[in-house]
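Working through the structure, step by step
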Amino acid sequence: MNYAKFFAASVLASVASDQSFAWDSEVADYSVEAAMSQVLAKKELGADVEFYFGGQNVFGIVATSFGEAETNRKNNAYNKSNEQACQGAFLFALRSLRDRARNLGANAVINIRSNYLGDEDISETTYQCEAGEVLAGVSFIGDIVKLER
């Protein structure tokens, strides 16, 4: 028996089967409130930078605008529900925006919107996440500002 031919045929058969596409993923909307209410989110993000999604009312006056910031973060999705994996990617993305705001001396990120493949989705209550069996990813654009009260 020619094992090289058998191996090649086996690989081709597995690639052609629906069962082999462990990389398949889907884009869905998830709750901002659920992600923000995680104990880990509260601990990791701190309270020195505020986050406002979509057109949420901002508490204060924009004193300084530092421009837009973009982030695209991934999270391990293996052996997690899509929601769990997406909440992790959400947290990584917000930490990235928070760090950018801190570095600029800002105290808020406003007008946060999902930016999946360049298609912006503006929502006060949901964010978009692409999740599969291996990875979940969240992309945001937000305006970095300093608010005065």
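Residues numbered from 1 in each chain as written. Predicted model: local features only at pLDDT ≥ 70, side-chain atom pairs only at ≥ 80, totals over all residues. Heavy atoms only, no water.

1. Topic: the overall build of the protein
Check the secondary structure of the protein and you find four helices and seven strands. Order of helices (α) and strands (β) in the protein, N terminus to C terminus: α-β-α-α-β-β-α-β-β-β-β. Taking all 149 residues of the protein together, the buried fraction comes to 36%. In the protein, 82% of the contacts between residues at least 6 apart in sequence involve partners at least 24 apart. Of the accessible surface of the protein, which amounts to about 8,900 Å², a share of 52% is contributed by carbon and sulfur atoms. (Helix = DSSP H or I, 4+ residues; strand = E, 2+ residues; numbered from the N terminus. Buried < 20%, exposed > 50% of the residue type's maximum accessible area, 1.4 Å probe, protein only. Contact = heavy atoms within 4.5 Å. Areas by Shrake-Rupley, 256 points an atom, 1.4 Å probe, with all protein chains shown as cover.)

2. A few points about the packing of aromatic side chains
For the structure on display, the rule yields seven aromatic pairs. Relative to Phe140, the ring of Phe90 lies with its centre 5.8 Å away and its plane at 85°, an arrangement referred to as edge-to-face. Placement of Phe90 in helix H4 (residues 82-104) and of Phe140 in strand E7 (residues 135-148) is noted, with a sequence separation of 50 residues between them. An aromatic cluster is built from Tyr30, Phe53, Phe90, Tyr127 and Phe140, whose rings are joined through pairwise contacts. (Phe/Tyr/Trp six-rings, centres within 6.5 Å; stacked < 30°, edge-to-face > 60°.)

3. Overview of the nonpolar core
One finds Phe51, Phe53, Phe90, Leu94, Val109, Tyr127 and Phe140 to be the most contacted residues of the largest nonpolar core, which totals 29 residues. Of all the secondary-structure elements, those providing two or more residues to this core are helix H2 (32-36), helix H3 (39-45), strand E2 (50-53), H4, strand E4 (108-116), strand E6 (126-132) and E7. It is H4 that contributes the most residues to this core, nine residues altogether. Residues within four places of Tyr127 in sequence aside, it is in contact with Ala28, Asp29, Tyr30, Ser31, Val32, Ala35, Cys86, Gln87, Phe90, Ser114, Val138 and Phe140. Listed in part, the five residues of the second largest apolar core include Tyr52, Ile110, Val145 and Leu147. (Core = buried A, V, L, I, M, F, W, Y, C linked by side-chain atoms within 4.5 Å.)

4. Side note on the state of the cysteines
Applying the stated criterion across every chain, the model contains one disulfide. Residue Cys86 pairs covalently with Cys129 via a disulfide, S to S 2.1 Å. Since a negative S-S torsion denotes a left-handed disulfide, the Cys86-Cys129 link at about -85° is left-handed. Pair noted here: Cys86 is in helix H4 and Cys129 is in strand E6, with a separation of 43 residues, a long-range link. (Disulfide = S-S within 2.5 Å.)

5. Describing the environment of Tyr116
Within the secondary structure layout, Tyr116 lies in strand E4. Spatially, the C-alpha atom of Tyr116 lies 7.1 Å from that of Gln128, the residues being twelve residues apart in sequence. Here Tyr116 is in contact with Val27, Gln128 and Glu130, once residues within four sequence places are set aside. A polar side-chain atom of Tyr116 sits 3.5 Å from a polar atom in the side chain of Glu130. (Polar contact = N/O pair within 3.5 Å; in protein donor to acceptor, adjacent residues only side chain to side chain.)

6. Some details on H4
Here H4 spans 33 Å end to end across 23 residues, near enough to the 33 Å set by a 1.5 Å rise per residue. Just downstream of H4, Gly105 is the residue with a positive phi angle, here 80°. (Expected span 1.5 Å × (residues − 1).)

7. Some details on the pattern of salt bridges
Taken as a whole, this structure holds six salt bridges when the rule is applied. The salt bridge partner of Arg102 is Asp48, with a shortest N-O separation of 2.7 Å. Separated by 54 residues along the polypeptide, Arg102 in helix H4 and Asp48 in the loop between H3 and E2 bring together distant segments of the chain. With relative accessibility at 39%, the residue Arg102 sits in the partly exposed group. Residue classification places Asp48 among the partly exposed residues on the basis of a relative accessible area of 39%. (Salt bridge = Lys/Arg side-chain N within 4 Å of Asp/Glu carboxyl O.)

8. Notes on the confidence of the model for the protein
Confidence in the prediction for the protein averages 88 pLDDT; 85% of positions are at 70 or higher. Under a pLDDT of 50 for its full length, residues 3-22 has, in the predicted model, six contacts with residues more than four places off or in other chains. (pLDDT = per-residue confidence, 0-100.)

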